[in-house]
Amino acid sequence: MRAVGSIVGRNLRLFFRDRMNVFFSLLGAIILFVLYTLFLARLQIDGLGETFPDASEQQIRAFVDSWMFAGIVMLTTITTGLGALSSLVQDGESGRFRDFLVSPVRPWQLVLGYLTAAVLVSILMSMLVVVLSILYLGIVDDFWLSPEAVARIVGITVLCSIGFTALSAFVVSFIRTSAAFSGLATVIGTVLGFVAGAYIPVGSLPEAVSSGINALPFAESAMLLRRQFTEGTLAPMVGENTAAAEGVREFYGIDALIGDYLVPAALAFGVLVTMALVFTLLSAARIRSRIR
């Protein structure tokens, strides 16, 4: 395992030394934060203020911000793990795989090193975003997440990091050049906000489109995080109006609906676990074949 540890350490250093790679891996989350801070949050607050006139602006803002940060955390679990896999593409493009093959390092150790490093990057960067989100909500919105909610958020974030990094590794295993990888990362970082219902609430989209989005693991993962982030902000905003609370949950993707079917949390967790297992095996096989 010493060889695996050396490979992991090497890949971690390569990622964090490349500041532009780190920045672009966070670009989707940064874009979402800037959009809502400068533009979209005001629209959501005004719309919810008309719907819930008894709620204060601070209560509404706390809900919108908590909903937004759930999407930011979800995006970070995907884009940072993807960014950490740039070393895989660079090693293949530069021919370093041939150097590795004549060294004492075995192919399975290289595969494990790439995947472990990418997962660690995703977890570390996502945890940083979680901490910043908690501090922002507490300091700016005067809303502090409960320790139980924080623990659940951490667990969901780790699971998302593993599952989405495995998926990213499988996709990246087909990429041959750094230019193609950069294009892929840019497209994914931009499109994911729409696919996960983070830029625009899924309730504002046509029913067929929203159902298609909610059927994807990205929206379902965001759903799991939104339930934890908004657990303490939704009730103060809607008061005792249960019907209104259900409408808000559906509109903002806190509950994922595929047609009339409400996706249970257990199914979303099952999808993430299955995705992590299946794509870890598939990506490991693909990377091993490329190394050989």
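The structure we're discussing is the one just above.
About the thresholds
Residues numbered from 1 in each chain as written. Predicted model: local features only at pLDDT ≥ 70, side-chain atom pairs only at ≥ 80, totals over all residues. Heavy atoms only, no water. Patch = residues over 30% accessible without salt bridge, like charges linked within 9 Å, V, L, I, M, F, W, Y side chains within 5 Å. Areas by Shrake-Rupley, 256 points an atom, 1.4 Å probe, with all protein chains shown as cover. Salt bridge = Lys/Arg side-chain N within 4 Å of Asp/Glu carboxyl O. Helix = DSSP H or I, 4+ residues; strand = E, 2+ residues; numbered from the N terminus. Buried < 20%, exposed > 50% of the residue type's maximum accessible area, 1.4 Å probe, protein only. 1 Å grid on protein atoms, 1.4 Å probe; cavity = no way out; pocket = protein on both sides within 12 Å on 5 of 7 lines; lining within 4 Å. Points joined across faces, edges and corners; volume = space filled by probe spheres on them. Nonpolar A, V, L, I, M, F, W, Y, C, P; charged D, E, K, R; others polar. Axes fitted to C-alpha atoms, helices over the stretch in contact; angles between N-to-C directions. Parallel < 35°, antiparallel > 145°, perpendicular 65-115°, else oblique. Left-handed = near helix turned anticlockwise from the far one by under 90°. Contact = heavy atoms within 4.5 Å. Bend = angle between axes of the 7 residues up to and from the residue.

Undergrad: When you look at a nonpolar patch on the surface in this model, what are you seeing that I'm missing?
TA: A cluster of nonpolar side chains, M20, F23, F24, I30, V34, L38 and F39, forms an exposed patch at the surface whose accessible area comes to about 660 Å². Among the elements of the structure, α2 (19-25) and α3 (27-51) are those that each provide at least two residues to the nonpolar patch. Residue contributions to the nonpolar patch peak at four residues, all from α3. Structurally, F24 is set in helix α2. Residue classification places F24 among the partly exposed positions, given a relative accessible area of 44%.

Undergrad: How do you make sense of the layout of surface pockets when you look at a structure like this?
TA: Empty space among the atoms can be located by rolling a probe the size of a water molecule over them. Counted as a void, the largest pocket has a volume near 320 Å³. For the largest pocket, the lining is made up of 19 residues, of which N21, F24, F181, S182 and A185 are closest to its centre. Every element with two or more residues in the lining of the largest pocket is listed here: α2, α3, α4 (57-84), α5 (86-94) and α9 (178-195). Ranked by residue count, the leading element in the lining of the largest pocket is α9, at seven residues. Here the residues of the lining of the largest pocket are counted per class, giving six nonpolar, 12 polar and one charged. Estimated volume of the second largest pocket: approximately 220 Å³. The wall of the second largest pocket is formed by L26, A29, I30, F33, F69, I72, M125, L128, V129, L132, S133 and Y136. Residue assignment for the lining of the second largest pocket shows that the elements contributing at least two residues are α3, α4 and α7 (107-139).

Undergrad: Please explain the packing of helix α1 (residues 2-17) against α7 as it appears in this structure.
TA: The angle between the axes and the distance between the axes are what describe a pair of packed helices. Where α1 contacts α7, the two axes come as close as 8 Å, and the packing angle between them is 45°. Regarding the angle of α1 to α7, the classification is oblique. Here α1 runs over α7; the crossing is right-handed. Contacts between α1 and α7 involve A3, V4, I7, V8, R10, N11, L12, F15 and F16 from the first element and W108, Q109, L110, L112, G113, Y114, T116, A117, L120, V121 and M125 from the second. The class makeup of the residues in the contact of α1 with α7 is 15 nonpolar, four polar and one charged.

Undergrad: Would you mind showing me how to read α3 here?
TA: Every α-helix carries 3.6 residues per turn, so stepping three or four residues along brings you back to the same face. Of all the bends in α3, the largest measures some 60° and sits at Y36. Along α3, the positions that sit buried rather than exposed are G28, A29, L32, Y36, A41, Q44, I45 and L48. Along its buried surface, α3 packs onto α4, α9 and α12 (234-238).

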